[in-house]
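Residue strings, one per chain:
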Amino acid sequence: QVQLVESGGDSVQAGGSLRLSCAASGRTFSNYAMGWFRQAPGKEREFVAGISGGGGIYYADSVKSRFTISRDNAKKMVYLQMDSLKLEDTAVYYCAARPGSLSTINLQYHYWGQGTQVTVSS
């Protein structure tokens, strides 16, 4: 069982930066692939970035070169550094975990946090 708690969401102007954090519980955190997803009003939840237990990383094209995902297995933490934020980045951001390999498909993630709101304004 894994419990996830996100933090760091805020309101920011376009071009600004935010760092989201996800704190995980559980004894085998390093065995889990971790993903960040987001959901804007009226839209489906979409993959943003993911990192495997071994550090393999994948980004959605929409955030590539602007967002950076990282993890600290000793602290059981996952981070999402978001730079050059755009209006279209506004969404609730969710941290998710799945045992095994990295996936971009939300239905393949077993555990989810409650979400943290990111609002980007002009």
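Here, every reference points to the structure presented above.
Residues numbered from 1 in each chain as written. Predicted model: local features only at pLDDT ≥ 70, side-chain atom pairs only at ≥ 80, totals over all residues. Heavy atoms only, no water.

Caption draft 1: Region of the structure containing the state of the cysteines. Taken as a whole and judged by the stated rule, the model has one disulfide. A sulfur-sulfur separation of 2.1 Å characterises the disulfide bridge that pairs Cys-22 with Cys-95. On the sign convention where negative means left-handed, the S-S torsion of about -80° between Cys-22 and Cys-95 marks this disulfide as left-handed. Of the two residues, Cys-22 is situated in strand β3 (residues 18-24) and Cys-95 in strand β9 (residues 91-99); the sequence distance between them amounts to 73 residues. Residue Cys-22 shares its accessibility class with Cys-95, and that shared class is buried. (Disulfide = S-S within 2.5 Å. Helix = DSSP H or I, 4+ residues; strand = E, 2+ residues; numbered from the N terminus. Buried < 20%, exposed > 50% of the residue type's maximum accessible area, 1.4 Å probe, protein only.)

Caption draft 2: Spatial organisation of the nonpolar core. Counting residues in each nonpolar core, the largest one holds 35 residues, and the members touching the most others are Leu-4, Met-34, Trp-36, Leu-80, Met-82 and Tyr-93. Counting only elements with at least two residues in this core, the list comes to β3, β4 (32-39), β5 (46-51), β7 (67-72), β8 (77-82), β9 and β11 (116-121). With five residues, β9 is the largest single contributor of residues to this core. (Core = buried A, V, L, I, M, F, W, Y, C linked by side-chain atoms within 4.5 Å.)

Caption draft 3: Structural context of the pattern of salt bridges. The final tally for this structure, using the stated rule, is four salt bridges. Close ionic contact of Glu-46 with Arg-38 constitutes a salt bridge, the shortest N to O distance being 2.6 Å. For Glu-46, a relative accessible area of 37% translates into the label partly exposed. Asp-89 is the salt-bridge partner of Arg-66, the closest N and O atoms lying 2.7 Å from each other. (Salt bridge = Lys/Arg side-chain N within 4 Å of Asp/Glu carboxyl O.)

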